[in-house]
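# Residue-level structural notes
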Amino acid sequence: MAVVLTNEHRMIQTVVREFAARELLPIAADLDQHSRFPGEALAKAATLGLMGLMVPEAYGGAGMDTIANVIVQEELARACAGFQTIVTVNNSLVCEPILRYGTEDQKRRYLPDLAQGRRLGCYCLTEPTSGSDAMALRTTATQRGSEWIVSGTKIFVTNGVEADLCVVYARSEDAPGARGISAFLVEKAFPGVRVGKVEKKLGIKCSSTAELVFDGCRVPGGNLLGRRGEGGKIALAALDGGRIGIAAQALGIARACLEEVTAYVQQRQQFGRPIAEFQAVRWALADMATRLEAARLLTHRAAALRAAEQPCTKEAAMAKLAASETAMWAAHKAVQLFGGYGYIQDYPVERYFRDAKITEIYEGTSEIQRLVISRHLVDHH
Amino acid sequence: MDIIVCVKQVVDPELPLRDFAIDPVTRRQVREGRPLVISTYDENALEVALQIKDRSGAKVTVLTIGPQARVGDAIRLALAMGADDAVVIDESKSPDLLGADKARILAAAVRRIGRYDLVLCGCESADWVERAVAPLLAEMLGASCVTFVSRAETAGGTLVVRRTADDGFHELDVRLPAVLSVTSDDANRPRLPKVKDIVGAKRKPVQTWARADLAVESGSHEASGVEVREVVVPQRTAKCELLPGDPAEQVAALGQRLRDLKLL
């Protein structure tokens, strides 16, 4: 599927690039060093419509497609990967499932607030004993009258500290694996929800990663998202979109590496000339640019398929795999080309190096992406 | 209040120097293949207009001269930022025209639009930096003119503007109709459009008029009093000079050198 950016897409790209230059680039290093949540910049992003990009205008969103989303996510991550993490989770893992599986009442109750930055969302799937094997989750949901009682512990929840609304996956049926799981919209203010351990991380430090404990939490029946037993499907479908968002994040980090390195090697002099004149350096730049462009094409193709409501599980996995490994590789190259200056905090590449690693881990590790892709090659044919 | 904002598309001034070229025949900047953006101060002018609209209500019309095929993005951005409608004067030779010719076309267009209280222009274009259009336009329209305006607001039926001056600023009451040239200021930093407004901009009305359809007063480059003979890209050279002596002597010598070079 060919991806053609419309004038609208290009204009959104220009505007978000300017937003990132004004609001994110000047604070990105400080946010990282102090693990500070970027509340003010998020409010400005929400004003532009970046918190509910794919939410239709009728529900208070910007009404754009998945392609616009990846363009926006790349621009945000180019400036600050941690900030982008907060935004992409709200868009892909919270707004999108509500939009696709929510009732009209749920959409009206939650989407306008999420899209306009009055509430922040988080996605609660991973548990201490279920990471890659997500469908082995143990959190329970028991029906009692018109309510559900949710009990269990979720970990590594992005936005866990600040989020107001949690999409929680819990075992509601007496069935193993995905078939026994349902999804619930749990407000943080419901009795029985508390924030547990807040993690200290290698990168994306301005976003919070927390444990959320659900201790006999009472959830109204009207907050079941989708049908009973449909939660596994919802979780995985959300991850298709989520992975495209993480692929876009990885593109942004890889581009940041390429742009910083390209500027640096032209001004850094060694042996009486700019190091850009050495062939080894030029080849590294060429490889970075080529891998970045290849990963971007995969990401845009996956986004175009999703925008066209076509299956994209394999393509999203390929995009995430290629883009995240490109980001990590490009960050590794960037630090090396900066030499000693790449290892200290005076230049941003050491931050890119730390930020890049998470893209190979969350929303499915690279190994899980390979598993997903290989299933389409072997098991489906 | 009816406000007309004149915007010009220029080659993106942020482009690297290697993308800057002069056409030896037309003696104009090469635009083909280069991204075009709204000239910097024109965005400030639009922001001033939109602030008046936000505070006290106004209809904001964007007016531009250009080859119709290439002005779409500038118009779209202006409409997304909050302008109500746009008028495009389709003129394929517009990049070749200088200030006086532009002012004549703009004056004819403003007369055809009819109702207006204010016309806002950037104080200078990012490419030619003539600073000519706003004063000439005011003269042609018989309107008041204030240059280098940073802020403007309506108060009790009058327009109060702040004009940047060497010794600070002047605050002026302005008789309408008026033409203002706008400079940049913390208070008029161009807003970023919302994503939904970028989408919505295509639903706003855009009229296209051929230059031939306008009653433009006759004029030529000669009549403008300006003919471009040559355009030269300055060659940047760097030279290192070591000043001898102890620090006190070096400072004195440096001061003298800078005075000799008329830099102090």
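Cut-offs and rules
- Residues numbered from 1 in each chain as written.
- Chains lettered and ligands numbered in written order.
- Predicted model: local features only at pLDDT ≥ 70, side-chain atom pairs only at ≥ 80, totals over all residues.
- Helix = DSSP H or I, 4+ residues; strand = E, 2+ residues; numbered from the N terminus.
- Buried ≥ 20, exposed ≤ 12 C-beta atoms within 10 Å, placed from the backbone.
- Contact = placed C-beta atoms within 7 Å.
- Rg over C-alpha atoms; globule rule 2.2 N^0.38 Å.
- Pairing = 2+ DSSP bridges.
- Axes fitted to C-alpha atoms, helices over the stretch in contact; angles between N-to-C directions.
- Nonpolar A, V, L, I, M, F, W, Y, C, P; charged D, E, K, R; others polar.
- Parallel < 35°, antiparallel > 145°, perpendicular 65-115°, else oblique.
- Left-handed = near helix turned anticlockwise from the far one by under 90°.
- Expected span 1.5 Å × (residues − 1).
- Core = buried A, V, L, I, M, F, W, Y, C linked by C-beta atoms within 7 Å.
- pLDDT = per-residue confidence, 0-100.

## Describing the overall build of chain B
When helices and strands are tallied, chain B shows 7 helices and 13 strands. Projected onto the principal axes, the alpha-carbon positions of chain B cover approximately 70 × 50 × 40 Å. Buried positions account for 37% of the 264 residues belonging to chain B. Expressed as a percentage of contacts within chain B between residues at least 6 apart in sequence, the contacts between residues at least 24 apart total 75%.

## Side note on the overall build of chain A
The helix and strand inventory of chain A stands at 11 helices and 10 strands. For 381 residues, the compact-globule formula gives about 21 Å, and the C-alpha radius of gyration of chain A, at 21 Å, lands near that figure. The burial tally for chain A puts 54% of its 381 residues in the buried class. Taking contacts inside chain A between residues at least 6 apart in sequence as the whole, the part at least 24 apart equals 74%.

## Concerning the sheet that holds strand β13 (residues 206-210) of chain B
Paired through backbone hydrogen bonds, the strands of a sheet run either parallel or antiparallel to each other. Residue and element names in this part refer to chain B. Within the open sheet, the 9 strands sit side by side as β11-β10-β9-β12-β8-β1-β6-β7-β13. Their pairing is mixed. A single partner strand is all that each edge strand has here, and the edge strands are β11 (168-174) and β13. Neighbour to neighbour, the strand axes of the sheet diverge by 30 degrees on average, direction disregarded. By the bridge criterion, 3 bridges tie strand β1 (residues 2-6) to strand β8 (residues 118-122) in an arrangement that is parallel. For Val5, the partnering residue across the bridge sits in β8 and is Leu120. Contacting β1, β6 (59-66), β8, β9 (144-155) and β12 (178-182), helix α1 (residues 40-56) runs over the sheet at an angle of about 145 degrees to β8.

## Observations concerning the packing of helix α4 (residues 66-79) of chain A against helix α8 (residues 279-307) of chain A
All names here are of chain A. It is at 7 Å that the axes of α4 and α8 come closest, and there the two elements cross at 145 degrees. For the pair α4 and α8, contact is made by Thr66, Ile67, Asn69 and Val70 and by Thr299, His300, Ala303, Ala304, Arg306 and Ala307, respectively. Here the contact of α4 with α8 is built from residues that sort into 5 nonpolar, 4 polar and 1 charged.

## Here we look at the pairing of β9(B)
Residues and elements named next belong to chain B. Direction of pairing for β9 relative to β12: parallel, over a ladder of 4 bridges. Bridge pairing in β12 links Val146 to Leu180. Pairing analysis gives 6 bridges linking β9 to strand β10 (residues 158-165), with the strands arranged antiparallel. What sits directly across from Ala152, in β10, is Val161.

## Examining the packing of helix α9 (residues 313-338) of chain A against helix α10 (residues 349-359) of chain A
The angle between the axes and the distance between the axes are what describe a pair of packed helices. All names here are of chain A. The geometry of α9 relative to α10 is characterised by a closest axis approach of 8 Å and an angle of 160 degrees between their N-to-C directions. Considering the angle they form, α9 stands roughly antiparallel to α10. Between α9 and α10 lies a crossing whose hand is left-handed. The residues of α10 that touch α9, namely those facing Ser324, Ala327, Met328, Ala331, His332, Ala334, Val335 and Phe338, are Val349, Glu350, Tyr352, Phe353, Ala356, Lys357 and Thr359. Its residues assigned to classes, the contact of α9 with α10 comprises 10 nonpolar, 3 polar and 2 charged.

## Structural notes on helix α3 (residues 99-113) of chain B
In an α-helix there are 3.6 residues to a turn, and that puts residues three or four apart on one side. Residues and elements named next belong to chain B. Helix length check: α3 (15 residues) gives 20 Å between terminal C-alpha atoms against 21 Å at 1.5 Å per residue, within 8%. Of all 15 residues making up α3, 11 are buried, and the element is well covered by its neighbours. The complete set of buried residues in α3 reads Gly99, Ala100, Asp101, Lys102, Ala103, Arg104, Ile105, Leu106, Ala107, Ala109 and Val110. Immediately downstream of α3, the backbone of Gly114 shows phi near 95 degrees, a positive value.

## Concerning the interface of chain A and chain B
Contacts between the two partners involve 16 residues from chain A, matched on the other side by 11 residues from chain B. Secondary structure elements with two or more residues in the side of chain A that touches chain B: α1 (7-24) and α3 (39-48) of chain A. Top element by residues in the side of chain A that touches chain B is α1(A). It accounts for 7 residues. Of the residues belonging to the side of chain A that touches chain B, the class tally is 9 nonpolar, 4 polar and 3 charged.

## Observations regarding unusual backbone geometry
Apart from glycine, the bulk of residues carry a negative phi angle, and the bulk of peptide bonds sit in the trans form. Along the chain, B:Leu176 connects to B:Pro177 via a cis peptide bond; the corresponding omega equals 0 degrees. Its location among the elements puts B:Pro177 in the loop between β11 and β12. Its identity is not glycine, yet A:Phe271 carries a phi of approximately 55 degrees, on the positive side. Among the secondary structure elements, A:Phe271 is positioned in the loop between β9 (269-270) and β10 (273-274). Backbone geometry places B:Val129, a non-glycine residue, at a positive phi of 50 degrees. By secondary structure assignment, the location of B:Val129 is in the loop between β8 and α4 (133-141). The exposed category is assigned to B:Val129, around which 10 C-beta atoms lie within 10 Å.

## Remarks on the nonpolar core
In terms of nonpolar packing, the biggest core is built from 197 residues, with A:Phe184, A:Ala331, B:Val5 and B:Ala78 touching the most fellow members. Examining the composition of this core, we find that 17 residues originate from one element, helix α7 (residues 231-267) of chain A, more than from any other. Residue contacts for A:Ala331: discarding those within four places in its chain leaves A:Ile253, A:Cys257, A:Val349, A:Tyr352, A:Phe353 and A:Ala356.

## Quick look at α4(A)
The end-to-end C-alpha separation of α4(A) is 20 Å, in line with the 20 Å expected for 14 residues at 1.5 Å each. Taken across its 14 residues, α4(A) has 14 buried, putting it largely inside the fold.

## A closer look at the pairing of β1(B)
All names here are of chain B. Extensive coverage of β1 is indicated by the burial of 4 of its 5 residues. Bridge analysis of β1 against β6 gives 5 bridges, and the strand direction is parallel. Within β6, the position partnered with Val5 by the bridge is Val62.

## Describing the environment of A:Glu367
Within the secondary structure layout, A:Glu367 lies in helix α11 (residues 366-378). Here A:Glu367 falls in the exposed class, since 12 other C-beta atoms lie within 10 Å of it.

## Some points on the confidence of the model for chain B
Residues of chain B with pLDDT of at least 70 account for 97%, and the chain-wide mean is 91. For this predicted complex, the interface score ipTM comes out at 0.88, alongside a pTM of 0.90.

## With respect to the environment of A:Thr47
All names here are of chain A. Summarising the element assignment, Thr47 is placed in helix α3. Judged by the 15 C-beta atoms lying within 10 Å of it, Thr47 is partly exposed. With 68 residues separating them along the chain, Thr47 and Ala115 place their C-alpha atoms 9.3 Å apart.

## Examining the environment of B:Val251
Within the secondary structure layout, B:Val251 lies in helix α7 (residues 247-260). B:Val251 sits 89 residues away from B:Arg162 along the chain, and the two C-alpha atoms are 41 Å apart.

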